[in-house]
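Each chain, letter by letter, is given below.
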Amino acid sequence: LKANPRLQGQPCSWCGEGLAIGDDTAICGACSATAHGWCWDGGGGCSRAGCANAPLRKIEVHAVAAPGPQLRPGDQMCPSCGKVISAADQICPLCRAIVTPDGLYHGPRQNAPGATAALVYGLIGLLICGMVFGAVAISKAQNAKKTIQNDPRYGGEGLATAGFVLGIIDIIGWFVLLILRVSRM
């Protein structure tokens, strides 16, 4: 609020200067202390110790640096496992954590083992023995997706998903054909 004639001349509880008409003013809701608005904001609340609106006491933390391994030029420390690795590595070879500054892997990717096979087995299952090839396609797709999830150097999630969907279609389609064939007999 703005200081009015009633507040004019009252000392600011933070800086001690008198309030002037039109000054931004803060009045503590707990103890009714008055202060300049900028003093209230800068101090973080009421200046009176023990008041409910007084700023919280700041705890000083003295960090003790643990002695770490000396890094040679061309080395870096893995933020995940703390081991010294080559600065050229984007992925820690020990714990497989991404160690780039932005946390993203920017290197080459290859299809995960089993991603292409899942798609091929799913397609074969459409033509012959869908119950068997569909199950194999689903299994290969799930293994490929786990590999992709655990290692950013692998891609091919689309291939694995397509193989998974085709595996389900294979099993359901061949099961329906089997039921129709049995029902005709």
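Going by the structure above, here's the rest.
Since we're looking at a predicted model, the values are computed, not measured.

A. Local environment of unusual backbone geometry. Even without being glycine, Ser32 reaches a positive phi, approximately 65 degrees. Mapping Ser32 onto the fold places it in the loop between β1 (25-27) and β2 (34-36). The exposure class assigned to Ser32 is exposed, which follows from its relative accessible area of 53%. Although it is not a glycine, Cys129 adopts a positive phi angle of roughly 45 degrees. With respect to the helices, strands and loops of the structure, Cys129 is situated in the loop between α2 (115-127) and α3 (130-150).

B. Quick look at the nonpolar core. Of all hydrophobic cores here, the largest spans eight residues; its members are Ala112, Ala115, Ala118, Ala141, Ala144, Ile148, Tyr154 and Ala160. Secondary-structure elements contributing two or more residues to this core are α2 and α3. Among the elements that make up this core, the one with the highest residue count is α3 (three residues). Ignoring any residue separated from it by four or fewer positions in sequence, one finds Ala141 in contact with Ala118, Ala160, Gly163 and Phe164. Of all hydrophobic cores here, the second largest spans six residues; its members include Ala26, Ala33, Cys46 and Cys51.

C. Representation of the side chain of Asp170. In this fold, Asp170 is placed in helix α4 (residues 157-184). The contacts of Asp170, once residues within four sequence positions are left out, are Tyr121, Gly122, Gly125, Leu126, Gly130, Phe133 and Gly134.

Criteria and cut-off values
- Residue numbers here run from 1 along each chain, matching the order of that chain's written sequence.
- Thresholds applied to this predicted model are a pLDDT of at least 70 for local features of residues and 80 or more for the giving and counting of side-chain atom pairs; totals over whole chains, interfaces and linings are not thresholded and use all residues.
- Note that the side-chain values use all heavy atoms of the structure and ignore hydrogens as well as water.
- Helix and strand assignments follow DSSP, with helices taken as H or I runs no shorter than four residues and strands as E runs no shorter than two, numbered in order from the N terminus.
- When a residue's accessible area, from a 1.4 Å probe over protein chains only, is under 20% of the maximum for its type it is buried; when over 50% it is exposed; and in between it is partly exposed.
- As used in this record, nonpolar core signifies buried Ala, Val, Leu, Ile, Met, Phe, Trp, Tyr and Cys residues forming a set joined through side-chain atoms within 4.5 Å.
- Working rule for contacts: check all heavy atoms of both residues, and any pair within 4.5 Å makes them a contact.

None of the figures reported here should be taken as evidence of function without further support.
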